[in-house]
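Architecture at a glance
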Amino acid sequence: MRPSGLLGISLSTVLAQLDLSQYVLPDTGATNGGNTFPGVSVPFGMVKLGPDLYTGSDSYSGYQSKGDFIGFSLLHESGTGGAPKYGVVAQMPVLGEVENPLEDQSVNRSSADEIKLGHYKSSLFNGITVEMGATNKAGLYKYSFPENKGASNVIVDVSHVLPSFRGQGLGQSYLGGNISVAKTDSGLRYEGSGSYDNGWNRSPKWTVYFCGYFDQATTFKTFLGKDSKGNDTQDYSDTATQASESRLGAVFSFDAQEVTSRVGVSFVSSKQACANVDEEIPAGTTLQKLEDDVKAAWNSQVLSKITTKDNSNSTKLKLLYSSLYHMHLIPTNKTGENPLWKSNEPYYDDIFTFWDLFRCTTPLFHILQPSAWEDFLRSLIDIWRNDGFLPDGRSSFFNGATQGGSNADNVLADAYVKGLRGAINWDDAYSAMVTDAEKVPDNNNDSRDNSSSTKEGRGALPDWIDRGYITTKYGRSVSRAVEYAGNDFALYQVAKGLGKNEDATKYLNRSRNWRNQWNKDLKALNFTGFLGPIGEDGKFKDQDPLSCGGCYWGDDYYQGLPMEYSFNAHHDMGKLIELSGGTDTFTARLEKLFEGGVSDSNSQFNHTLFNPGNEPSFTSPYLFNFVGRQDLSVKYSRFVANSYYSPTPAGLPGNSDAGAMESWLLWSMIGLYPMTGQTTFLIGSPWFSDLSIDLGSGKALKITSTGGTADNYYVQSLKVNGKSWDKSWVTWDDIFANGGTLDFVLGAEPQKWATGAAPPSPATETS
């Protein structure tokens, strides 16, 4: 880092002393379908300690703002959908005599949870309070029991797991476990394991191990149910060990009003779980120390990656740093905790999912976390070596769910074209991508779409390879076709770089096959030509471009309208603009996306066709750059951000999708937008008068703006690395490879400053 010039103090020292965690609101997006996790975690941490609530609807992250507490567990995910995952390794405090620990022990809140980065506190209606702190692989509970209201107890129910109520066959099940209680020099220790299945990725059996201590003298009873789901016990005694496929656990009772418990987890063994808690939370560790350590980790590893001296608007700062926070909760770094194979490679899990993440999140991870990003990509390749396919989604060491294409291909290509090499074996990476492009995965017979695999790979490859399009024989046929085209473009990029020229030509040609799915006769809103479904007879089927039916797994379009998907050939924009009727018509089509009252649905978005809560719409506000209207990209991206994002529990336009929503907002705030799989970044408009992005290795991107206000955000002029700029795009080499500067002048009215060449359209033939 260069010296800051302030009394010779380095900028890194200044940042280390700056507590940016004050701007992080962990419950941003926790309600209104955002599904974010508001509990305690370190970046990419295995432990995410927080409450589990029952309301009769799915508690995806464990948390809900209403309902009854059913436990406080160490493992959660953030911003997921489909069905909850984890909610295991739990404790539940209870007052008075516990006659049957398997009966309903749920209790409501007495007041709202107290939530801040590094510390979580719940106040139960019965007078108990629960405070929580965490490290990477362990958690700390502090219980305060009221006086004169009976015995103080903590129930450890190994069968506890977050349920699902959606009826899709994705609900998690308890499959069995064990628990043992033993005396130690300092009291009692309990350890064991629980096995479970399912969740959003339809995982088979997986096992987690645990090891826990209490700081107060305690007596205990273990319990064993009659089956895996019911409330009847067959044993409830001082037996030290229980092991069964039936429900089981232990009740610990105390004379004290203040009780602290330390618990470690592992996916390898209970011995390793004990080692994890002993190392990370030794006896006597306080909640305050854990809170301080968590804040320090977030400040140094994440929040300090983007800094600004523009502190004029605290709402913007809270949006910035809360978004950075939620973008770094998952995936989970489980290096050293993989029970399936031995490897010297890193291991990351809990990827939800590349369909959600490849547009905005993964390019930003590359920039902000270059070392971790390299490890993450090595992990993906190692998953292919050992499991046979790259994941699109993955959790509990199992691939699933693949909603569209094989989008790990896009992620790898994006890193490759931006020059990331390091310890990545790119020959293996390319072989993994070829597996996606050529090998049909076994059908996993998912009831949501039993036409082909939803687990991994490209289930509709037989049509894609043999016909050059995808018929309605396969679910999500149209949306998969445009994604498969983008995946093949990713293979082209890597093949070209590796000197595999025949492959490069093959996959470039295949990347243009989305054009075969273009039905020139479909009409809507006075526009003609859209991506449309093709029957097994090879003939186009009639389709309303403004409707996607159920928009789900078995439909022709997944979570997006035909009109939305008809803007998604981002590698072949030149041809897309031509098929859409040329520059002026393409511009009019794009603007129609944002017009209120056009859609029969999307009432929460003023009935626009554009849906800010679904990823197929993410790039659309910026596509005006391709037709010489950068001002409209600024207009609509600002409108979306200002209208649908806020640093509040309901402050996301939809499911966070593991930080996908937050990363879209971060790019808007930075004033750029990535074209994944290419080196191109489209230019928007920055939110701050200055912004510095730490690129690692002493490099930085410095962004400044003058003239900007809440209403003055149109670009008047731009300098890149000190030179006047007339293009609405920059490349990786311009500003990220070695750092750089972007100096904007902003104003109230649009100016035609971007008169240079349009952004590249690398799959479009040149005459």
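Here, the structure is the one placed above.
Here's what I pulled together on the structure shown here. (Residues numbered from 1 in each chain as written. Predicted model: local features only at pLDDT ≥ 70, side-chain atom pairs only at ≥ 80, totals over all residues. Heavy atoms only, no water.)

Quick notes on helix H16 (residues 630-644)
- Between its first and last C-alpha, H16 extends 21 Å over 15 residues, near the 21 Å set by a 1.5 Å rise per residue.
- Of all 15 residues that make up H16, 11 are buried, and the element is covered over most of its length.
- For H16, every residue scored as buried is listed here: Gln630, Asp631, Leu632, Ser633, Val634, Tyr636, Ser637, Arg638, Val640, Ala641 and Tyr644. (Helix = DSSP H or I, 4+ residues; strand = E, 2+ residues; numbered from the N terminus. Expected span 1.5 Å × (residues − 1). Buried < 20%, exposed > 50% of the residue type's maximum accessible area, 1.4 Å probe, protein only.)

Description of the nonpolar core
- Counting 215 residues, the largest nonpolar core has Leu377, Trp664 and Leu672 as the members making the most contacts within it.
- When residues of this core are assigned to their parent elements, the largest contribution, 11 residues, is made by helix H11 (residues 477-497).
- Excluding anything up to four places from it in sequence, Trp664 contacts Cys360, Phe618, Pro621, Tyr622, Ser637, Val640, Ala641, Tyr645 and Tyr673.
- Counting residues in hydrophobic clusters, the runner-up holds 10 residues, among them Leu140, Ala273, Cys274 and Leu287. (Core = buried A, V, L, I, M, F, W, Y, C linked by side-chain atoms within 4.5 Å. Contact = heavy atoms within 4.5 Å.)

Points about the sheet that holds strand E28 (residues 690-696)
- If you walk across this open sheet you meet the 6 strands as E19-E28-E29-E33-E30-E31, and the pairing is mixed. Each edge of the open sheet is held by one strand with a lone partner, namely strand E19 (306-307) and strand E31 (723-724).
- Direction of pairing for E28 relative to strand E29 (residues 699-706): antiparallel, over a ladder of 6 bridges. In the sheet register, Asp690 faces E29, and the bridge partner there is Thr704. (Pairing = 2+ DSSP bridges.)

Some words on the sheet that holds strand E11 (residues 173-184)
- Across the sheet, 9 strands lie side by side as E6-E7-E8-E9-E18-E13-E12-E11-E16; this open sheet has antiparallel pairing. The sheet is open, and its two edges are formed by strand E6 (114-116) and strand E16 (241-244), each paired on a single side. Across this sheet, the average inter-strand angle for adjacent strands is 15°, counted without regard to direction.
- Sheet topology note: the strand E9 (residues 138-144)/strand E18 (residues 258-266) ladder contains 7 bridges and is antiparallel. Directly across from Ser144, in E18, lies its bridge partner Glu258.
- Packed onto the sheet, helix H2 (residues 270-280) meets E9, strand E12 (187-197), strand E13 (206-214) and E18 and runs at close to 45° relative to E13.
- Packed on one face of the sheet, helix H3 (residues 287-301) meets E6, strand E7 (119-123), strand E8 (129-134) and E9 and runs near 45° to E8. (Axes fitted to C-alpha atoms, helices over the stretch in contact; angles between N-to-C directions.)

So, the packing of aromatic side chains
- With the rule as written, the count across this model stands at 48 aromatic pairs.
- Taking the centre distance of 5.7 Å and the plane angle of 55° together, the rings of Phe44 and Phe365 count as tilted. Of this pair, Phe44 sits in the loop between helix H1 (11-17) and strand E3 (50-54) while Phe365 sits in helix H6 (residues 361-368), placing them 321 residues apart in sequence. Side by side, Phe44 and Phe365 carry an identical accessibility label, which is buried.
- On the basis of an interplanar angle of 75° and a centroid distance of 5.1 Å, the ring pair of Phe267 and Phe397 is categorised as edge-to-face. Linking Phe267 in the loop between E18 and H2 with Phe397 in the loop between strand E22 (394-395) and strand E23 (398-399), this pair joins segments that are 130 residues apart in sequence.
- Taking the relative accessible area as the measure of exposure, Phe397 reaches 5% and is therefore buried.
- Here the aromatic cluster, defined as three or more aromatic residues joined through ring pairs, consists of Phe44, Tyr348, Phe354, Phe365, Trp373 and Phe376. (Phe/Tyr/Trp six-rings, centres within 6.5 Å; stacked < 30°, edge-to-face > 60°.)

Some words on a negative patch on the surface
- Residues Glu97, Glu99, Glu103, Asp104, Asp227 and Asp232 make up a contiguous surface patch of negative charge.
- Position of Glu103 relative to the elements: it lies in the loop between strand E5 (88-95) and E6. (Patch = residues over 30% accessible without salt bridge, like charges linked within 9 Å, V, L, I, M, F, W, Y side chains within 5 Å. Areas by Shrake-Rupley, 256 points an atom, 1.4 Å probe, with all protein chains shown as cover. Salt bridge = Lys/Arg side-chain N within 4 Å of Asp/Glu carboxyl O. Lys, Arg positive; Asp, Glu negative; His and termini not counted. Charge placed at Lys NZ, Arg CZ, Asp CG, Glu CD.)

As for the pairing of E8
- In terms of residue burial, E8 counts as a mostly covered element, since 6 of its 6 residues are buried.
- Neither face of E8 is left uncovered, since the one carrying Thr129, Glu131 and Gly133 and the one carrying Val130, Met132 and Ala134 both have all their residues buried.
- Pairing of E7 with E8 involves 4 bridges; the strand directions are antiparallel. Across the sheet, the residue bridging to Lys121 is Glu131, located in E8.
- The antiparallel pairing of E7 with E8 creates a hairpin that spans 5 residues between the two strands, and Gly127 there sits at a positive phi of about 100°.
- In the sheet, E8 pairs with E9 via 6 bridges, with the strands oriented antiparallel. Within E9, the position partnered with Ala134 by the bridge is Gly139.
- The hairpin formed by E8 and E9 contains 3 residues between the paired strands.

Let's talk about empty space enclosed by the protein
- In this structure the tally under the stated criterion is 9 cavities of 30 Å³ or more.
- In terms of lining, the largest cavity is formed by 20 residues, of which the most central are Phe358, Asn410, Asn568, His570 and Thr676.
- Every element with two or more residues in the lining of the largest cavity is listed here: H11 and strand E26 (672-674).
- Counting residues per element, the lining of the largest cavity draws most heavily on H11, which supplies 5 residues.
- Residues that form the lining of the largest cavity fall into these classes: 9 nonpolar, 9 polar and 2 charged. (1 Å grid on protein atoms, 1.4 Å probe; cavity = no way out; pocket = protein on both sides within 12 Å on 5 of 7 lines; lining within 4 Å. Points joined across faces, edges and corners; volume = space filled by probe spheres on them. Nonpolar A, V, L, I, M, F, W, Y, C, P; charged D, E, K, R; others polar.)

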